[in-house]
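Letter by letter, the chains look like this.
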Amino acid sequence: MAAKAHIGQTLISGGRVIDPANGLDAVTDVLIADGVIKAVNPSIPAESLDGEVQVIRADGMVVCPGFIDIHTHLREPGFEYKETIATGAAAAVRGGFTTICAMPNTEPSIDNGAMVDYVLSRGATTPARVKVIGCVSKDRAGHELADMEELIDAGVVAFSDDGDPVYDAGLMRLALTYSRGLGAPITNHCQEHALCCGGVMAEGWVSSRLGLAGIPAVAEEAMVARDIGLAELTGGRLHLAHLSSAGSVAMVRQAKARGLLVTAEVCPHHLLLTDQWALGLQCSPSVSAGPAAYDTHTKVYPPLRGDLDVAACIAGLADGTIDCVATDHAPHDRVSKECTYQDAAFGISVLETALGTVLATVHDGSISLSDMVERMTTGPARVLGDGFAKYAGLTPGTPADIVVFDPNALWTVDVNDFASMGRNTPLNGVELRGRVAATLVGGRVVFEEPGMLNTGGEL
Amino acid sequence: MVVAATGDTRILQSDPPPVQGRRRHVLDLDDFTAEELTATLDNADAMRGVLERDVKKVPALRGRVVITLFYEASTRTRISFEEAGKILSADVINMTASASSVEKGESLLNTGLTLQAMGVDVIVIRHPHAGAPHFLARNLANVAVINAGDGAHAHPTQGLLDLYTARAHLGGIAGRKVVIVGDVLHSRVARSAVWGFAGLGASVVLCGPPTLMPDPLVPQGWGTGTGGNGAPNPLADVTVQPDLDAAIEGADLVMALRLQTERQQRGFFPSVREYIRRWQVNDDRMARANTNALLMHPGPMNEGIEVSSRLAHGERSLIEEQVTNGVAIRMALLYQLAGATVVED
Amino acid sequence: MAGRRIMDADEIRRAVTRMFHEILERNHGADELLLAGIRTRGVPLAQRLARHIQDSENAAVPVGRLDINLYRDDLSERPRLRIRPTTMPADVTGRTVVLVDDVLYTGRTVRAAMDAISDLGRPLRIQVAALVDRGHRELPIRADFVGKNIPTRQMELVRVRFCETDGVDDVSILERGAP
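Bear in mind that the values here come from a model prediction, so they are computed numbers and not experimental data.

Scoring rules and cut-offs
Residues numbered from 1 in each chain as written. Chains lettered and ligands numbered in written order. Predicted model: local features only at pLDDT ≥ 70, side-chain atom pairs only at ≥ 80, totals over all residues. Axes fitted to C-alpha atoms, helices over the stretch in contact; angles between N-to-C directions. Helix = DSSP H or I, 4+ residues; strand = E, 2+ residues; numbered from the N terminus. Parallel < 35°, antiparallel > 145°, perpendicular 65-115°, else oblique. Left-handed = near helix turned anticlockwise from the far one by under 90°. Contact = placed C-beta atoms within 7 Å. Nonpolar A, V, L, I, M, F, W, Y, C, P; charged D, E, K, R; others polar. Pairing = 2+ DSSP bridges. Right-handed = clockwise from strand over helix to strand, strands pointing away. Buried ≥ 20, exposed ≤ 12 C-beta atoms within 10 Å, placed from the backbone. pLDDT = per-residue confidence, 0-100.

Q: Quick question: what am I supposed to make of the packing of helix 3 (residues 108-117) of chain B against helix 4 (residues 132-139) of chain B here?
A: Working note: a packed helix pair is described by the angle between its axes plus the distance between those axes. Residue and element names in this part refer to chain B. Packing of helix 3 against helix 4 brings their axes to within 10 Å, and their N-to-C directions diverge by 50°. Regarding the angle of helix 3 to helix 4, the classification is oblique. Seen along the crossing, helix 3 lies across helix 4 with a hand that is right-handed. In contact with Leu108, Leu109 and Gly112 of helix 3, helix 4 contributes Ala132, Phe135, Leu136 and Asn139.

Q: Which parts of the structure should I look at to understand the interface of chain A and chain B?
A: A common way to express how large an interface is: the accessible area buried when the components associate. Every contact between the two is made by 24 residues of chain A and, on the other side, 33 residues of chain B. A per-class count over the side of chain A that touches chain B returns 13 nonpolar, seven polar and four charged.

Q: Help me out: how do you make sense of the pairing of strand 3 (residues 63-66) of chain C in this one?
A: Two faces belong to every sheet, and in a regular strand the side chains alternate between them. Residue and element names in this part refer to chain C. Here strand 2 (residues 33-38) pairs with strand 3 via four bridges, running parallel. Across the sheet, the residue bridging to Ala36 is Gly64, located in strand 3. Traced from strand 2 through helix 2 (residues 42-57) to strand 3, the parallel crossover comes out right-handed.

Q: Can you walk me through helix 1 (residues 85-94) of chain A in this structure?
A: For an α-helix, the turn length of 3.6 residues means that residues three or four places apart are oriented alike. Residue and element names in this part refer to chain A. Counting buried residues in helix 1 gives ten out of ten residues, a clear majority hidden from the surface. Burial in helix 1 covers these residues: Ile85, Ala86, Thr87, Gly88, Ala89, Ala90, Ala91, Ala92, Val93 and Arg94. Against strand 6 (67-72), strand 7 (97-102), helix 2 (113-123), strand 8 (129-134), strand 17 (431-441) and strand 18 (444-448) lie the buried residues of helix 1. Looking one or two residues past helix 1, Gly96 carries a phi angle of roughly 90°, positive in sign.

Q: Which parts of the structure should I look at to understand the sheet that holds strand 2 of chain C?
A: The pairing of strands in a sheet comes from backbone hydrogen bonds and takes either a parallel or an antiparallel form. Residue and element names in this part refer to chain C. Taking strand neighbours across the sheet as the criterion, the five strands line up as 3-2-4-5-6 in an open arrangement whose pairing is parallel. Among the strands making up the open sheet, the edge pair consists of strand 3 and strand 6 (145-149). Across the sheet, the axes of successive neighbouring strands diverge by a mean angle of 25°, strand direction being ignored. Contacting strand 4 (96-104), strand 5 (125-133) and strand 6, helix 1 (residues 9-26) crosses the sheet at an angle of about 150° to strand 6. Against the sheet, helix 2 engages strand 2, strand 3, strand 4 and strand 5, with an angle of about 150° to strand 2.

Q: How should I be thinking about the confidence of the model for chain C in this particular structure?
A: Detailed conclusions should not be drawn from predicted coordinates in areas where pLDDT is low. With 93% of its residues at a pLDDT of 70 or more, chain C has an overall mean of 91. Taken together, the chains of this predicted complex give a pTM of 0.90 and an interface ipTM of 0.90.

Q: Is there a simple way to explain the arrangement of the chains in this structure?
A: Between chains A and B lies the most contact-rich interface of the two pairs of chains that touch. One finds no contact between chain A and chain C; the C-alpha atoms of the two approach each other to within 21 Å at their closest.

In structure tokens form, the structure reads like this:
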């Protein structure tokens, strides 16, 4: 990581500034001073500024608020051989994320104030802003509510038993009701156990072909339906994690039309990859499934599904039914993936490929660039609540969390370059279009991709 | 064109066309062309000749090491491979999960790498997880992998021996009607048989409780330009018919699958009694098939459940012959992987 | 294909005629004789010899077909993917088995054929007949009956064609590496 020494003023000039929070999409300059946005103005000549100014020439680049990820598995404590808060944060800024929200399925799980303090204090020494999501239930066991007030006081931004759903509908109802005044949503990982027991990939011709137990889309949809009903019943704030099926998207669209407090996210991989990637051919259909089949890096929950589901997720993201992109970054050690498909852990290491993956939907015309930026900045901030608005815009006076990226840069994913300890991605070796050039958190350049920018122009 | 590679080895116009490229692994039958299927069955014919001799030994695989690596109990498949390897003069080592470091938690990958380092030429693997053979094949550069059954995915050597047995009795496979009845969903035998029989031009009807029928093995619209790159659907003539009386009409071959009775506990069908009533292959039902229709079963059989006892031991049953042919087929495959090469043209 | 023609149909016919006479002479007739044609072109040659013997002696000599791929000693290079059944119309035990091939070269094929025959039984004796002996033996094996000795360089190939397999009778020498 190429963190630069902090200097008083930074000028990002000549870039296309996309700031959905302020309705801005124009070529303009951004001036940062003392860690906050000072001015966004069409022309700020560096010569006009007093004192030392670091200049970042961003011609041809997009300059926007840093991305916010509300679904990140940082694995610490308990699984430091998969990822640590430090390596996860490093991966985040490499991917353009300035704020990440650690999921509480650690060991022990984050179900009390002391655990929140631990993660926040570890996160404070990293280049990214690390926020914490607390458990819905004690020890994520799904039996009784965690001490939610205590968790809020300690600083959690949402509640989730992610990794597992809140299976018990009664408990989910209590959680939505109890949390009503707490200002944080309940995020549920929707997966009806009885419909996917033993399943390892989406149910369909590919699972049939590979002889793998399938997970039907209705396993997700059944719980999405249940939770929407409970949100209506309780008036609680429901956030649906990683939607992956056309049916789920349709239900959320309907719920929003009825004015329910329901938000939803989609993962980058569900916008690009299908279950055919499990054949190991990176999507090209073939009559035979050769040695490359059963690529364990495609094993993820929710599973990669068919073309129609991918299209529905993209459409939902484009029309705002889905509020935001969230990575569900799930790093794993080698052994967890170097095994049979059935034995492999679920999850993909996403942070460092997220932008290039999501941009595919921009390049094919499915969503505008500014809407994409919205779904990665103000979208996720809105899900978490008012406190996040300051991280999601380039409003003068707010922290200067900024990403500069080239939407057209072609690059080939090489997991050996990852900052994340998790090298588990089916995209290794795949060419993506769009890459982060630099990331600033609180005005400091915390990541810079060598050779993409000229940042040497100090006066 | 006739070219002599040396004075006494050549490819002849009158020979069948050579199979291009050397197969490295046998993972399933989905990547066998009709030509390769036929060549393998032809080779098995020659191997049967060896089996029928007094001296059941040829030196073809002298100096080759074959490991049978079985993570699931099996009698006939493992012994069949062992006998095949030994007749071809390979050194055959049997490794089972209960007698090895598998129990100590050694990973499949490490086991494979260790065997490769020991100079093993062929690993014959049976594993409860689908894709375990693919995983080994992908990670071992110098070993040929033969799938002896992986989870609910495939059992290609069983599929080939079924094809071989059927061809020997029916005279040919193309245009024949094959009915596969039972728990197709969880059956690796059925999946491989589907590729094999369809690959040689048979029409295949899958039959059994609707809860035990799989999704299609190729995408909707395959071959119509909307799926599969417009390549023809290799399984276009595979259909599902849950009613056995209807399915068996005009069949040339009926293959009954083993019923895992524990599936009943998981609710896939209400009772064994109802299963017998609706899906047992018996004399009455066979009467609807073609006059000389044949019966096969991959074994081990729950006699009186999948097949009536009378039929199982009757003259239409090929069940015992399937076992003998299994050795010949496995000899052919071992020879093709570890012994033969394509003569360079 | 180009190449130097060494024998035409008439020459082959005369060579085969001489060979069957020699076989009968050496073995004092056709009793207990078995001709084992080595697949592929040893088979039509064995059949021709048997036909001559039938015409001349009125004796039916059994003709077997021998596939020796499973007996080759140079596994990684030579054997074919396709193997064909070995068929012997009579028990080889106690008989004089004449191994018949079109070309005798290194001797390795004959060695493999002798192994194959030994696994089928115990012949009284084994003899070797070849239409062409081109030299360059690598094993202590010699032909008992030869249609024609053709000195060759190792770089060359000898191509035998029979009507039964190739639609024409001739023998040519080709350059190795020719298409």
